[in-house]
Structure formats: structure tokens, C-alpha cells
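# Structure at a glance
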Amino acid sequence: QVFGRTRTGGQVIWASRFQERASTSGGGGKGSPSTPRTTTYSYSVSIAIALCEGEISRVARIWADGAEIATDELNIRVYPGGED
């Protein structure tokens, strides 16, 4: 049982397959200076993480591999675990 704030590890209970997105830029055309063609890849996944049994008030901070992730950069939905 936790009161106040604590760093708690979650358990992944559901995950989708990774989605890969490729974005290519560069590669000048006729008459323009030759710039290398660059492909950048990004990945996304949808996951559900269980934190605890019972109700929580909020998730204030999220950490991954020891680094804090800005929650405003994530598409996140928190279910606090209440009766409804």
C-alpha cells in the first residue's frame, strides 16, 4: 500500500505490434547540388500497463530506461481503477 508518491514499476498486460514509419528526404534533382538521400524511421506501439491493485489518483511522471519521458509528448489515457 502506497501513500504519497512513489516510483512503481508496471506490468505490460497488452501490446500491439510495432508500427514503422519511414520518411525520406534529400537527393537533389537535375541542376541542383547533390545531397545525400536520407531515410528516417520512427516506431510506435500501443500498450496497456497495470500499476497496482485498487484506485490511483494520477500518473505524474513516466520513466523509461532511467530517463523521464515528458507526458505531454505522449498520447496517454489513465484509468484510475475506481468502481465505475
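Above this text sits the structure in question.
Because the structure is a prediction, the values reported are computed rather than measured.

## A look at the overall build of the protein chain
- Scanning the protein chain for helices and strands turns up zero helices and six strands.
- Each helix (α) and strand (β) of the protein chain, taken in turn from the N terminus, gives the series β-β-β-β-β-β.
- Its C-alpha atoms give the protein chain a radius of gyration of 20 Å, more than 25% over the compact-globule value 12 Å for 84 residues.
- For the protein chain, the spread of C-alpha atoms along the principal axes amounts to about 70 × 25 × 20 Å.
- Looking at the protein chain residue by residue over its 84 residues, the buried ones come to 0%.
- Nonlocal contacts in the protein chain, meaning residues at least 24 apart in sequence, comprise 51% of its contacts between residues at least 6 apart.
- Total accessible area on the protein chain is roughly 8,000 Å²; 47% of this is exposed by carbon and sulfur atoms.

## Side note on the packing of aromatic side chains
- A full pass over the atoms with the stated rule returns zero aromatic pairs.
- Against the face of tryptophan 63 rests arginine 7, its NZ or CZ located 4.4 Å from the ring centre.

## Some remarks on the pattern of salt bridges
- Applying the stated rule across the entire model yields one salt bridge.
- Close ionic contact of glutamate 68 with arginine 61 constitutes a salt bridge, the shortest N to O distance being 3.2 Å.

## Section: unusual backbone geometry
- If you check the backbone angles, aspartate 65 has positive phi at about 55° while not being a glycine.
- Of note, aspartate 65 is situated in the loop between strand 5 (62-64) and strand 6 (67-69).
- For aspartate 65, a relative accessible area of 87% gives the class exposed.

## Observations concerning a nonpolar patch on the surface
- Judged by side-chain polarity, Val12, Phe18, Tyr41, Tyr43, Val45, Ile47, Ile49 and Leu51 come together as a nonpolar surface patch covering roughly 810 Å² of accessible area.
- Listing elements by their share of the nonpolar patch, those giving two or more residues are strand 3 (38-44) and strand 4 (47-50).
- Residue placement: valine 12 occurs in strand 1 (residues 11-15).
- Looking at valine 12, the relative accessible area reads 48%, which means it is partly exposed.

## Comments concerning the environment of threonine 38
- Residue placement: threonine 38 occurs in strand 3.
- Classification of threonine 38 by relative accessible area gives partly exposed; the value is 39%.
- As a C-alpha pair, threonine 38 and leucine 51 span 13 residues in sequence and 40 Å in three-dimensional space.
- In this view, threonine 38 contacts Ser23, Thr24 and Ser25; residues no more than four positions away in its chain are not counted.

What counts as what
Residues numbered from 1 in each chain as written. Predicted model: local features only at pLDDT ≥ 70, side-chain atom pairs only at ≥ 80, totals over all residues. Heavy atoms only, no water. Helix = DSSP H or I, 4+ residues; strand = E, 2+ residues; numbered from the N terminus. Rg over C-alpha atoms; globule rule 2.2 N^0.38 Å. Buried < 20%, exposed > 50% of the residue type's maximum accessible area, 1.4 Å probe, protein only. Contact = heavy atoms within 4.5 Å. Areas by Shrake-Rupley, 256 points an atom, 1.4 Å probe, with all protein chains shown as cover. Phe/Tyr/Trp six-rings, centres within 6.5 Å; stacked < 30°, edge-to-face > 60°. Lys NZ or Arg CZ within 6 Å of the ring centre and 35° of its normal. Salt bridge = Lys/Arg side-chain N within 4 Å of Asp/Glu carboxyl O. Patch = residues over 30% accessible without salt bridge, like charges linked within 9 Å, V, L, I, M, F, W, Y side chains within 5 Å.

These figures capture arrangement, not role.
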